[in-house]
Amino acid sequence: MTQQTSAGRERSARTISAFLLDYGIIIAVFLLYIVLSLQTDAFFSIRNQLNILDQAHQIGLIAVAATVVIIAGGFDLSTGAIFAMSGVIAAMVARDLGAHEEFATAAPWLGWTAGLIAGTLLGLLNGVLVTFFRINTFVATLSSGIVFRGFALLITEAEMVRVSDRAFRELARGSILDVRHTIFIWLGFAVALSFILFRTRFGRYIFAAGDNPEAARLSGINVNLVRTITFGISGLAAGMAGVLSASKFLKAQNDSGQGLELISIAAVVIGGTSIMGGEGAVWRTVLGVMLLRLIENGFNLMNVEPFYQDIFQGLIILLAVALDALRHRRS
């Protein structure tokens with residue numbers, strides 16, 4: 001009888017933890033929407049909702065790409081530095097080419113493109129360090145992030161890079177039907193990555209590489225190539241976020257984007273993607289990003305002190321990590 005009772009409790013605990021992992025983020029976002037809507041009339045306005053989505057684009061871009069890296073069994077701690085480097089390169093190219101009359105019209109586009117290419121190449125370099133040189137993913141990306149930010153400091157000489165061409169702002173400040181380009185870009189990127197993960201062969205390779213890399217190799221999957229590409233995707237996303245930041249403010253600097261990598265990873269974990277690799281979903285990360293931004297936006301509207309926001313967000317992250325650890329222990 002005692003063994004049956006213990007087994008029953010075990011099954012109940014497993015069922016509850018599985019339910020929270022599967023649907024907890026949906027319930028949390030839904031409840032938070034209700035609470036904040038009751039607290040202030042301004043929260044549920046269309047303008048405020050669009051503002052939340054716009055404010056989420058930097059973390060959103062980096063987080064959805066981090067989801068792909070983590071599912072494949074990797075970890076990227078250099079995205080904040082790639083964000084800074086890409087923004088600096090985009091701003092410098094747009095500024096310098098804009099000074100020449102023959103390139104003035106194309107300067108903004110060339111600047112945006114240069115920033116995206118730089119971010120992607122830096123991400124691929126991370127992939128090479130992790131796969132070819134077999135450096136631990138934490139150590140490799142943490143070290144490369146320090147180097148990338150150092151190069152950003154070197155090429156800017158610790159000065160802010162300013163762009164005078166107002167056309168450079170169109171990428172981030174432009175809108176379609178009052179919806180900012182930034183919203184279309186980060187949500188479109190999330191949809192594209194979700195399609196790749198669940199509707200393509202490469203997506204299946206990503207899950208296989210993170211779930212059981214040795215079995216994936218034996219089945220003919222080039223795990224190193226798959227992981228390298230995921231780091232390239234992460235670099236592209238960080239570069240995109242950096243370029244949008246430079247476009248929005250018409251300036252870039254070497255110390256921008258600090259802490260973005262940690263917040264984005266927190267959004268991934270909150271969404272329910274396992275940090276152990278092999279499982280997860282982009283839509284979960286999108287909800288994780290929205291949860292963090294809803295907390296920030298709602299607390300600001302209610303004039304709550306910022307340190308309470310940090311405490312609340314920290315507790316949510318701890319809960320998400322604890323549930324993930326519990327699931328893997330029981331499995």
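These figures come from a predicted structure and were not determined experimentally.

**What about the confidence of the model for the protein?**
Move 1: Scored by pLDDT, the protein comes out at a mean of 90, with 92% of its residues at no less than 70.
Move 2: Mean pLDDT per element in the protein: helix α1 (residues 2–39) is the minimum at 72, and helix α11 (residues 223–249) is the maximum at 98.

**Points about helix α6 (residues 137–156)**
Move 1: Its 20 residues place the ends of α6 28 Å apart at the C-alpha level, agreeing with the 28 Å of an ideal helix rising 1.5 Å per residue.
Move 2: The inward-facing, buried residues of α6 abut α4 (79–98), α5 (107–131), β1 (161–162) and α11.
Move 3: Glu157 lies just past α6 and shows a positive phi near 55°.

**Quick look at the packing of helix α3 (residues 57–71) against helix α12 (residues 260–271)**
Move 1: Their axes nearest at 8 Å, the elements α3 and α12 cross at an angle of 65°. Between α3 and α12 the crossing geometry is right-handed. Residues Gln58, Ile59, Ile62, Ala63, Ala66, Thr67 and Ile70 of α3 form the contact with α12, whose own contacting residues are Leu260, Ile263, Ser264, Ala267 and Val268.
Move 2: Residues of the contact of α3 with α12, tallied by class, amount to nine nonpolar, three polar and no charged.

**Here we look at the pattern of salt bridges**
Move 1: This model, assessed by the stated rule, comprises four salt bridges.
Move 2: A salt bridge links Asp96 to Arg95, with the shortest nitrogen-to-oxygen separation between them at 2.9 Å.
Move 3: Residue Glu214 is joined to Arg217 by a salt bridge in which the shortest nitrogen-to-oxygen separation is 3.8 Å. Taken as a pair, Glu214 and Arg217 lie in helix α10 (residues 213–218) at a separation of three residues, close to a single helical turn.
Move 4: Judged by relative accessible area, which is 37%, Arg217 ranks as partly exposed.

**Focus: the nonpolar core**
Nonpolar side chains in soluble globular proteins tend to be buried together.
Move 1: Core analysis: the biggest nonpolar cluster contains 63 residues, and Phe189, Leu193 and Leu291 have the highest contact counts within it.
Move 2: The element contributing the most residues to this core is α3, with 10 residues.
Move 3: Excluding its chain neighbours within four sequence positions, the residues that come into contact with Leu193 are Val64, Ala65, Val68, Ile233 and Val282.
Move 4: Listed in part, the 13 residues of the second largest apolar core include Met92, Val161, Ala246 and Leu250.

**Points about unusual backbone geometry**
Move 1: One non-glycine residue, Arg134, lies in positive phi territory at about 55°.
Move 2: Relative to the helices and strands, Arg134 is located in the loop between α5 and α6.
Move 3: Given the relative accessible area of 64%, Arg134 is considered exposed.
Move 4: Despite not being glycine, Asp178 shows a phi value in the positive range, around 70°.
Move 5: Along the chain, the position of Asp178 falls in the loop between β2 (175–176) and β3 (179–180).
Move 6: For Asp178, a relative accessible area of 68% gives the class exposed.

What counts, and where the lines are drawn
Residues numbered from 1 in each chain as written. Predicted model: local features only at pLDDT ≥ 70, side-chain atom pairs only at ≥ 80, totals over all residues. Heavy atoms only, no water. pLDDT = per-residue confidence, 0-100. Helix = DSSP H or I, 4+ residues; strand = E, 2+ residues; numbered from the N terminus. Expected span 1.5 Å × (residues − 1). Contact = heavy atoms within 4.5 Å. Axes fitted to C-alpha atoms, helices over the stretch in contact; angles between N-to-C directions. Left-handed = near helix turned anticlockwise from the far one by under 90°. Nonpolar A, V, L, I, M, F, W, Y, C, P; charged D, E, K, R; others polar. Salt bridge = Lys/Arg side-chain N within 4 Å of Asp/Glu carboxyl O. Buried < 20%, exposed > 50% of the residue type's maximum accessible area, 1.4 Å probe, protein only. Core = buried A, V, L, I, M, F, W, Y, C linked by side-chain atoms within 4.5 Å.

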